[in-house]
Amino acid sequence: MLPKRPGPYILTLLLIVLLVVVAWMFQALSSPELAEAVSRKNKLPSTQPAEPVIAAPPPGGTVVSPKYSSGGVDFELQAKADSLHSNEHSPQRDLEVVAEFLDVYARAMGGQPIGDNTDITAAISGTQYPGQKGRVFPKNHRSVRDGKLVDRWGEPLWFHPNSGNSMEIRSAGPDKQLFTPDDVILNPSPGGYGATPPTSGEMPQ
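Remember, it's a predicted structure, so these values are computed and weren't measured experimentally. (Residues numbered from 1 in each chain as written. Predicted model: local features only at pLDDT ≥ 70, side-chain atom pairs only at ≥ 80, totals over all residues. Heavy atoms only, no water.)

Peer 1: How should helix H5 (residues 117-125) be read in this particular structure?
Peer 2: Spacing of three or four residues puts side chains on the same side of an α-helix, whose turn is 3.6 residues. Counting buried positions along H5 gives 7 out of 9 residues, so the element sits mostly inside the fold. For H5, the complete set of buried residues consists of Asn117, Ile120, Thr121, Ala122, Ala123, Ile124 and Ser125. Packing partners of the buried residues in H5 comprise helix H4 (91-109), strand E1 (144-145), strand E2 (148-149), strand E3 (158-163) and strand E4 (166-171). For H5, the side-chain oxygen to backbone nitrogen distance between the N-cap and Thr118 is 3.2 Å, and the N-cap itself is Asp116. (Buried < 20%, exposed > 50% of the residue type's maximum accessible area, 1.4 Å probe, protein only. Helix = DSSP H or I, 4+ residues; strand = E, 2+ residues; numbered from the N terminus. Contact = heavy atoms within 4.5 Å. Polar contact = N/O pair within 3.5 Å; in protein donor to acceptor, adjacent residues only side chain to side chain.)

Below you can see the structure in the form of structure tokens.
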């Protein structure tokens, strides 16, 4: 027979059940088996892909991939470009370096760039038109002034194609005047073509 007021008994029973459940949970959470399982899970490699590392944008604001220099080319080409006008090598070597860039462009694009200095500079630096591919020379390089490749005396180089894979490159030299005896020349055109006179006489005026 139930007591006339079962409320206190029911509350007491519920409290006992609650204490038993709490004690069981405390024992389960503190068990060595659970600790070992958590430890194993923490040691497993994460299946989530790592967040890509993005280089901080240069002053111009364009995000640059870590595999490329700030000029937008790989670091080997950047180093080659930075060797231009070095006191450690001759002006003739400057022209050879420029010719090497033309060769890299030719291999990438199937032919040497065409046009005058402005066209050639825009082609190899990837600034000829929006979205252009095939940049091999760093844009905004110190050897480019007013959109033209210049020699170590600050004068624009002179280009003349000899054939599909040969380009005459000429520096005005220390006197800063083209077609004078102190010009520095790479791959001179055959006699009678370009700026090369047909004989060993004076340079054309």
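Having seen it, we continue.
Peer 1: Would you mind going over empty space enclosed by the protein with me for this structure?
Peer 2: Unfilled space is identified by rolling a water-sized probe across the atoms. In the structure shown here, the tally under the stated rule is 1 cavity of 30 Å³ or more. Here the largest cavity defines a volume of roughly 40 Å³. Taken together, Leu84, His85, Asp94, Leu95, Val98, Ser143, Leu149, Val150, Asp151, Arg152 and Leu157 make up the full set of residues lining the largest cavity. In terms of residue count, H4 provides more of the lining of the largest cavity than any other element does, 3 residues in total. Broken down by class, the residue content of the lining of the largest cavity amounts to 6 nonpolar, 2 polar and 3 charged. (1 Å grid on protein atoms, 1.4 Å probe; cavity = no way out; pocket = protein on both sides within 12 Å on 5 of 7 lines; lining within 4 Å. Points joined across faces, edges and corners; volume = space filled by probe spheres on them. Nonpolar A, V, L, I, M, F, W, Y, C, P; charged D, E, K, R; others polar.)

Peer 1: In this structure, what is going on with the nonpolar core? I would like to understand it.
Peer 2: The biggest cluster of nonpolar side chains holds 23 residues, and the ones touching the most others in it are Phe159 and Ile169. When residues in this core are grouped by element, the largest group, 7 residues, is from H4. The contacts of Ile169, once residues within four sequence positions are left out, are Leu95, Val98, Ala99, Leu102, Leu157, Trp158, Phe159, Val184, Ile185 and Leu186. (Core = buried A, V, L, I, M, F, W, Y, C linked by side-chain atoms within 4.5 Å.)

Peer 1: Please clarify how H4 should be interpreted in this entry.
Peer 2: Spanning 19 residues, H4 covers 27 Å between terminal C-alpha atoms, matching the ideal 27 Å at 1.5 Å per step. Turning to H4, its buried residues are Asp94, Leu95, Val97, Val98, Ala99, Phe101, Leu102, Tyr105 and Ala106. In this fold, the buried residues of H4 make contact with helix H3 (75-82), H5, E2, E3, E4 and strand E5 (184-186). At the C-terminal side of H4, Gly110 shows a positive phi close to 85°. (Expected span 1.5 Å × (residues − 1).)

Peer 1: What am I meant to see in the sheet that holds E3 here?
Peer 2: Here we have 3 strands laid out as an open sheet, ordered E3-E4-E5, and antiparallel in their pairing. Two strands close off the open sheet at either side, each with one partner strand: E3 and E5. Adjacent strand axes in the sheet meet at a mean angle of 15°, parallel and antiparallel pairs treated alike. Note that E4 and E5 share 3 bridges and pair antiparallel. Bridging from a neighbouring strand, Ser171 pairs with Val184 of E5. Contacts from H4 reach E3, E4 and E5 within the one sheet, and its direction differs from that of E5 by about 35°. (Pairing = 2+ DSSP bridges. Axes fitted to C-alpha atoms, helices over the stretch in contact; angles between N-to-C directions.)

Peer 1: Please explain the confidence of the model for the chain as it appears in this structure.
Peer 2: For any part of a model where pLDDT is low, the fine detail of the predicted coordinates should not be relied upon. Looking at the chain, the pLDDT average stands at 80 and 71% of residues meet or exceed 70. In the model of the chain, helix H2 (residues 32-43) stands out as the element of lowest mean pLDDT, 64, in contrast to E2, which has the highest, 98. In the model, residues 46-57 has pLDDT below 50 throughout and makes 6 contacts with residues more than four positions away in sequence or in other chains. (pLDDT = per-residue confidence, 0-100.)

Peer 1: It is not clear to me how the environment of Asn165 should be interpreted in this structure. Could you clarify?
Peer 2: Summarising the element assignment, Asn165 is placed in the loop between E3 and E4. Along the chain, Asn165 and Pro113 lie 52 residues apart, while their C-alpha atoms are 9.9 Å from each other.

Peer 1: Help me understand the environment of Leu102 in this model?
Peer 2: Position of Leu102 relative to the elements: it lies in helix H4. Residues within four places of Leu102 in sequence aside, it is in contact with Gln112, Pro113, Ile120, Ile124, Phe159, Met167 and Ile169.

Peer 1: Got a minute to help me understand the packing of H3 against H4 in this structure?
Peer 2: Axes are the key here: two packed helices are described by the angle between their axes and the distance separating the axes. Between H3 and H4, the least distance of the axes is 10 Å, while the angle of their chain directions is 150°. The angle between H3 and H4 falls in the class roughly antiparallel. The two elements H3 and H4 cross, and the hand of that crossing is left-handed. For the pair H3 and H4, contact is made by Leu77, Lys80 and Ala81 and by Val97, Glu100 and Phe101, respectively. When the residues that make up the contact of H3 with H4 are grouped by side-chain class, the tally is 4 nonpolar, no polar and 2 charged. (Parallel < 35°, antiparallel > 145°, perpendicular 65-115°, else oblique. Left-handed = near helix turned anticlockwise from the far one by under 90°.)

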